[in-house]
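Take a look at the letters that make up each chain.
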Amino acid sequence: MFPILVIPGVAMRRVELGRVQVAWPMGVSAVEKVLLRRGLLVEDWYDAAGRVQMSRAADPGSGFVLDYVKPVYWYPGRDRAAELAQVLARVGQWLGTDAAGAEALVRRELAAAPEGFSCLRCGDCCGRMGDAFRGRVSIEEVAWWRELGLDWLLRFVREEKRPGYSFFRAWVHPKSNEYLPRCPWLKPAKNGEPAGCRIHAARPLKCRAFPLSLEHAERAHCPGAGVDARPRPIAPRAA
Ligand code: SF4
Ligand code: SF4
């Protein structure tokens, strides 16, 4: 049994979130998720000259290699919009389209579940799978939540400062700064009703992209693996 976290104001804010129609913020993190979903290998490396943590996505089949600044790290002063444009242009070139086509593809692929997977809305990933509900979120997501005025949500996001860069952890206890034992926005399945997400419209990218693949779902012991052989929209997962 997971502890129930009482968060003042959530019910009211949920109504406000129901009106959120803003598209989630595009970033290199989203592009990376799609590359992983397409089977590319992603490895980190350190650019000692630029003193920047980098990532490299590689497709052994086609020889495509893409280097980019590790997307969950935020280096103040870098032009992330320009870096995203470069990444989208390179990915578009690889896929035979332009940057706008690549962005549309990223949005489309992250809105669809992997083939052979169908979410059962059991809530296990949000309540029990630490790898699914804990982790880093990007500066684009944090800026988006700020723009939406979701201060109550940002209380559960912790900025970790390091020399020259920062990263953001979610979801952490506002006082202890420890990761929470389950996602605070999970509405557990009850009385035959499926589990829900109280912040579905504004949920993080890591939730939108879970599972990355059928194999990922199987490894995570997600009961949705193998349920349906047809690709279908993943949302609402736990919604
Ligand atoms: S993604 Fe898997 S674990 Fe999560 S709610 Fe759906 S079926 Fe359950
Ligand atoms: S989908 Fe919602 S409830 Fe589940 S981990 Fe993400 S934010 Fe939490």
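Residues numbered from 1 in each chain as written. Chains lettered and ligands numbered in written order. Predicted model: local features only at pLDDT ≥ 70, side-chain atom pairs only at ≥ 80, totals over all residues.

1. Details of the overall build of the chain
Point 1. Helix and strand content of the chain: 10 helices and eight strands.
Point 2. In the chain, which comprises 239 residues, the share counted as buried stands at 31%.
Point 3. In the chain, the share of contacts with a sequence separation of at least 24, taken over all contacts with a separation of at least 6, comes to 62%. (Helix = DSSP H or I, 4+ residues; strand = E, 2+ residues; numbered from the N terminus. Buried ≥ 20, exposed ≤ 12 C-beta atoms within 10 Å, placed from the backbone. Contact = placed C-beta atoms within 7 Å.)

2. Topic: helix 7 (residues 139-147)
Point 1. Those residues of helix 7 that fall on the buried side of the exposure criterion are Ile-139, Glu-140, Glu-141, Val-142, Trp-144 and Trp-145.
Point 2. Following helix 7 by one or two positions, Gly-149 has its phi on the positive side, about 75°.

3. Examining the confidence of the model for the chain
Point 1. Per-residue confidence for the chain gives a mean pLDDT of 87; residues scoring 70 or more make up 85%.
Point 2. For the stretch residues 1-15, pLDDT sits under 50, and the model shows 10 contacts to residues farther than four places along the chain or on other chains.
Point 3. Under a pLDDT of 50 for its full length, residues 229-239 has, in the predicted model, 26 contacts with residues more than four places off or in other chains. (pLDDT = per-residue confidence, 0-100.)

4. Points about the sheet that holds strand 3 (residues 64-69)
Point 1. Pairing is antiparallel in the open sheet, where three strands are placed in the order 1-2-3. Taken across any chain shown, the strands that pair with only one partner, and hence form the sheet edges, are strand 1 (41-47) and strand 3. When the angles between neighbouring strand axes are averaged without regard to direction, this sheet yields 25°. (Pairing = 2+ DSSP bridges. Axes fitted to C-alpha atoms, helices over the stretch in contact; angles between N-to-C directions.)

5. Digging into the site of ligand 2
Point 1. If you check the shell around ligand 2, you find 10 residues, and the closest are Cys-126, Phe-133, Cys-183, Cys-197 and Cys-207.
Point 2. By residue class, the composition of the shell around ligand 2 is nine nonpolar, no polar and one charged. (Near = placed C-beta within 6 Å. Nonpolar A, V, L, I, M, F, W, Y, C, P; charged D, E, K, R; others polar.)

6. Things to note about the site of ligand 1
Point 1. Taken together, the neighbourhood of ligand 1 is formed by 12 residues, with Cys-119, Cys-122, Cys-125, Cys-222 and Gly-224 sitting nearest.
Point 2. For the shell around ligand 1, the residue count by class is seven nonpolar, two polar and three charged.

7. Comments concerning the sheet that holds strand 6 (residues 165-170)
Point 1. Strand order across the open sheet formed by three strands is 4-6-5, with antiparallel pairing between neighbours. Edge strands, defined here as strands with exactly one partner in the open sheet, are strand 4 (135-137) and strand 5 (157-162). Averaged over all adjacent pairs, the angle separating strand axes in this sheet is 45°, with direction ignored.
Point 2. Bridge analysis of strand 5 against strand 6 gives six bridges, and the strand direction is antiparallel. Note that in strand 6 the partner of Lys-161 across the bridge is Ser-166.

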